[in-house]
Amino acid sequence: MPFWKAQTDTVIINDVDEDQPVSVTVSKPSPKTKDPEHKKSKKKKAKEKGNRGGGDDMAVLSDEARAGQQAVPDFKKDASCMDHMLFNNKLRLVYVLLLCVLLGLIIPYIIGSTAFNSVDIDRYGTCAINVSYRFECLPGRLVIGEEECHHLACCYDINKQDDTSAPVCFHSIPPEYRYVIANKTESSKRLYKLSEGRKLDLYLDSVMDWTPFGTDAWPLRVLIQRGKSDIVRIKLWNEDYIKDPMDDFQEESCVGECELDVEVDTTGGKFNITVLRRTTRTPLLQTIFGPLVYGEDYMEITTRIPTTHLYGLGQRERETFEFLPNFQGRTRWTLYNREFDDDAGVTYGSHPFYMNFEDDGKMHGVYLRNSAPVEVGVLPIPAVVFRSVEGIFDFRILAGPTPRDVTRQYTSMVGLPEMPPFWALGYHLCRTTSNATEYENVVDRMASDEVPYESDCIDARLSYPDPFGVFSNKTLERLTQMKAEGRKFFFVQYPHVPVASGAYESASSEKLLMKLNNSQPYYGMVEEEVVGYPDYCNENTFAHWLNKTGIRTTYANADGVMLLQNTPLNSAVMNYSLWEDTQGGACNATQAEACCPLHQWPFKPQGIDDFNRGTTCSRAQHTSKAVPGLQLHNAYGRCHQERVHDLMKDLNPNKRFVVTSLSTHPGTGSVGGHFGGHYPADFVAQRKSLVHILEMGLYGVPLVGMPVCGTTNGSSELRIEWCLRSHQAAAFWPLMVSHYEKGHTPRNPPNFSSGFSQQLAIFIRQRYMILPYLYTLFYEAAQSGVPVLRPLFYEFPEDQGSRNNGLQFMLGDALLVTPVFSSLAGASSVAVNAHFPPGSWYNFYSGSLVSSSTTGEELVLDTLLTDVNVHVRGGTIVPLQGNLHEYIKTTEDVRKKSFYLLVVLTTNITTTEPTTTSAPTSTPGSTTGIPKDNVVGEESIYAEGRMYLDDGVTPLSQNPKAHILDFSAVAGRFTLTSTENACEDAAMSQYSTTVETIRVFGAAKIDEVKVNGVAHKDYTQDDDTNAFEVKNVNFDWCKRSSLTVTWL
């Protein structure tokens, strides 16, 4: 191996974020062949040196020289100055050192100036960079040669330095693909800063005329604005090529209150944007690393982020169940809505929004408003890369600094969540079946097994594949019977319109359908039926069109609507040759496969081999917006949901309803919720379902649920254990729906044995018990956007053990649920690892103290098959209603039951060593050892909570009458105060306003209890846990505004 192959140079580059420079190593390229004359000159000099004589290395003399030497008289000649300079050993050492220094300066220069001589440009940046800072030059290309890489103005280095995911062809730093200011009058200005009351509006020119994929690079306009004190908007686009018909940003100054600063650095031919937190100067968004590319069919931008604690940017199919992406592995995924594809890893929703922790524990958010397919990538430095083929870069930077603040800021832009009706929080049934008697069988068994449920869809395909067809008489009979029993009808609807239907004719006449161009209709296919696709992003014609279809009456009878297949689905297999051969002439109502031209996208996002597979053609147009379908593709389901929501609101202006959508996008929560996912029932799928639900809450969609026990069989037969564990966890989800697909094992509770169905009924009744607490959480979400189901980090941002936990969840701020995701495998119990964040945690059922620490701890919960791992947080008060053993049919029944208040005190008790505790059971009684006391004062033991209840029907916009109760407990004293009540409201008079039982966790031994100052004897206290229960309180807040309970 040539010596230079093994050599390395160490280059130091200064990182704008760090105090210390980063040391990086790159391989030396091959040097040029040395000049043979150079070797000859050395030999000649050596010979001449020998002729002069002197030194131990004197050359052998010729015969003539020897003869001449012998003829010289024998006398001593003094050495000349030249002799000293040439033959002095010390001076020779100096010469060698000087030569080394000279070569050390010249050789790197020669190598650096010739290493990339195949590129006909003057290199702006350096290729000598840390391997972590390598930004891929051609994303998606697995193999690329050195010559091709250099012709792209990129760097090439096969030495990955143990970073196996690093690219070998990468951008220099700074990159060649960049932009510079085009404002000639502003050329003297080097650093732009966003003032508190103004905006920055800049025009840029691309340094390169092309993108890395060879398409034209476009000029850019950059608009930077403020939205109140805590939001900054950065929009990059080209007005000539990209239209933005849905811009919704509201500019607002923040004089004297700004939390964010923006700096635009244009020095030295750069264009870098940095958004900083004003108080700490922490950069939240930085474009200093990576290329800025914006052109035909390709766009790319990178932002450096403070830490790898990154949440959001979903939905994405995970290989693991962790929240955080793999930065070291440079994970890439694509936000592209289409029917589930295991190989591609794309799912039904796209939410280009993330939350990111900073080093000091503060949090910020970034929202990219773009409805085209977006590839997201992460890099080790850490950084996030956004790539797309269409649309704009419209970033909204949210200052936080807490998770709740980020949520508030995000939902202020995409819309606050809509408050669901009370009945929506019950248990729902649905199925896709060809069995004409399946519905009746389920209904009868649900009653005989005493399983409560709220609604039924009858059949997910009542008139499929024509979703706008009229119901049969049999369906109408079932619907009438369901309403008579006090239950709700959840109507399942699909977006497409069969070409052979009357609905298609009316939609076509209203110019509501998507087209290939201004004159040519577009056709797709769903289960062998040719269909058209309404342009649901048209706000004006949908309701008028439905009046013509005759289905408006069906919507009027529906209490909720479940939208499926609205990514939208297209099952036609494209025949591009047929299109090309006929120049599109073969596209008609009988050949949907010929209705899409082949477009050779130079860049294909991760997992996408064909944009048209499984969904509508990328070249189809939204005629109402005059933009190609791909630019609004991810918003199609969101537009569909909004149109149906508007229709339901028009039909029932004084009543709340539910519209859930399979396909989601920013703003989904403001018009309903999300249900769906073709998940099987196994434990792997249940883990993925949980992460899916937790993420949707971060996106402002609190009303979310996955099918309990899955919709499909998966790779194996349905197992009862899966369905039991799924019901245990789903009882605490925001939305609880049992739904299965045609051709797969039925799994509504009555589809199992009566004994098992009755066991499931206990877990479902558990859900009905917590409804007052759950409903209050939804009211909080409607006011502030805060999720109902929360990741642990959301409640405990300072706790490192909560940062990457996707296997547990918080229901509100009080209940910690640890689902079981593993099988008993023949044993009587399963060991479940659980993280308990800082604070006091009690068994929800027994009241035993399980964990109390200031730093959080890891415990193992020994869990039986019927155990549910639920723990309640010290310092909270949870309102409950009803009980586990009394039969109820619907939410209307449970609302007539007395209330049960669970008061959970903080504690000054800490554990002297970690403990292992058994899991809680579904009935009180299990115990654990009480840790040793470390008392620090009565005043440090407290609890607080709130309950909100209205009629469950009237829209919040109409200010319904409501009960608002505040709870507090401190120093042995519990207080309930009614701050607002609806006692005079006729609709509310049918519901209970009585508190019957108060149960307290975390108290010491007591000797007496008083209720409103009067001694109360009807109480009991557990000797092991010290939990005590005060019964027959009989407090009615409509008769008295406050309640006080004391204990000593």
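Preceding block: the structure.
Cut-off values and rules
Residues numbered from 1 in each chain as written. Predicted model: local features only at pLDDT ≥ 70, side-chain atom pairs only at ≥ 80, totals over all residues. Heavy atoms only, no water. Phe/Tyr/Trp six-rings, centres within 6.5 Å; stacked < 30°, edge-to-face > 60°. Helix = DSSP H or I, 4+ residues; strand = E, 2+ residues; numbered from the N terminus. Buried < 20%, exposed > 50% of the residue type's maximum accessible area, 1.4 Å probe, protein only. Patch = residues over 30% accessible without salt bridge, like charges linked within 9 Å, V, L, I, M, F, W, Y side chains within 5 Å. Areas by Shrake-Rupley, 256 points an atom, 1.4 Å probe, with all protein chains shown as cover. Salt bridge = Lys/Arg side-chain N within 4 Å of Asp/Glu carboxyl O. Disulfide = S-S within 2.5 Å.

Section: the packing of aromatic side chains
Move 1: For the structure on display, the rule yields 34 aromatic pairs.
Move 2: Relative to phenylalanine 489, the ring of phenylalanine 471 lies with its centre 6.2 Å away and its plane at 80°, an arrangement referred to as edge-to-face. Separated by 18 residues along the polypeptide, phenylalanine 471 in the loop between strand 23 (455–456) and helix 8 (473–484) and phenylalanine 489 in strand 24 (residues 488–493) bring together distant segments of the chain. Both residues of the pair, phenylalanine 471 and phenylalanine 489, count as buried.
Move 3: Ring plane angle 55° and centroid distance 5.3 Å describe the contact between phenylalanine 899 and tryptophan 1037, whose orientation is recorded as tilted. In this pair, phenylalanine 899 sits in strand 44 (residues 899–904) while tryptophan 1037 sits in the loop between strand 54 (1035–1036) and strand 55 (1042–1047), placing the two residues 138 residues apart along the sequence. With respect to class, phenylalanine 899 is no different from tryptophan 1037; both count as buried.
Move 4: Here the aromatic residues Trp218, Tyr241, Tyr294, Phe386, Phe393 and Phe395 are joined through ring pairs into a cluster of three or more.

Describing a nonpolar patch on the surface
Move 1: Taken together, the side chains of Val94, Tyr95 and Leu98 present a nonpolar region at the surface, about 280 Å² in accessible area.
Move 2: Locating tyrosine 95 in the fold gives a position in helix 4 (residues 89–114).
Move 3: For tyrosine 95, a relative accessible area of 36% translates into the label partly exposed.

Here's the deal with the state of the cysteines
Between two cysteines, a covalent bond joining their sulfur atoms is known as a disulfide.
Move 1: Evaluation of the coordinates by the stated rule reveals 10 disulfides.
Move 2: Each disulfide pairs two cysteine sulfurs, and for cysteine 537 the partner residue is cysteine 639, the sulfurs being separated by 2.3 Å. In this structure the cystine formed by cysteine 537 and cysteine 639 twists about its S-S bond by roughly 90°; its chirality is therefore right-handed. Of the two residues, cysteine 537 sits in the loop between strand 27 (529–532) and helix 10 (542–549) while cysteine 639 sits in helix 13 (residues 636–651), which places them 102 residues apart along the sequence. Residues cysteine 537 and cysteine 639 agree in their burial class; the two are buried.
Move 3: Between cysteine 587 and cysteine 595 runs a disulfide, and the two sulfur atoms are separated by 2.0 Å. What sets the handedness of the cysteine 587 and cysteine 595 disulfide is the S-S torsion sign, and at about 100° it is right-handed.
Move 4: Judged by relative accessible area, which is 9%, cysteine 587 ranks as buried.

By themselves, these observations are geometric and do not establish any function.
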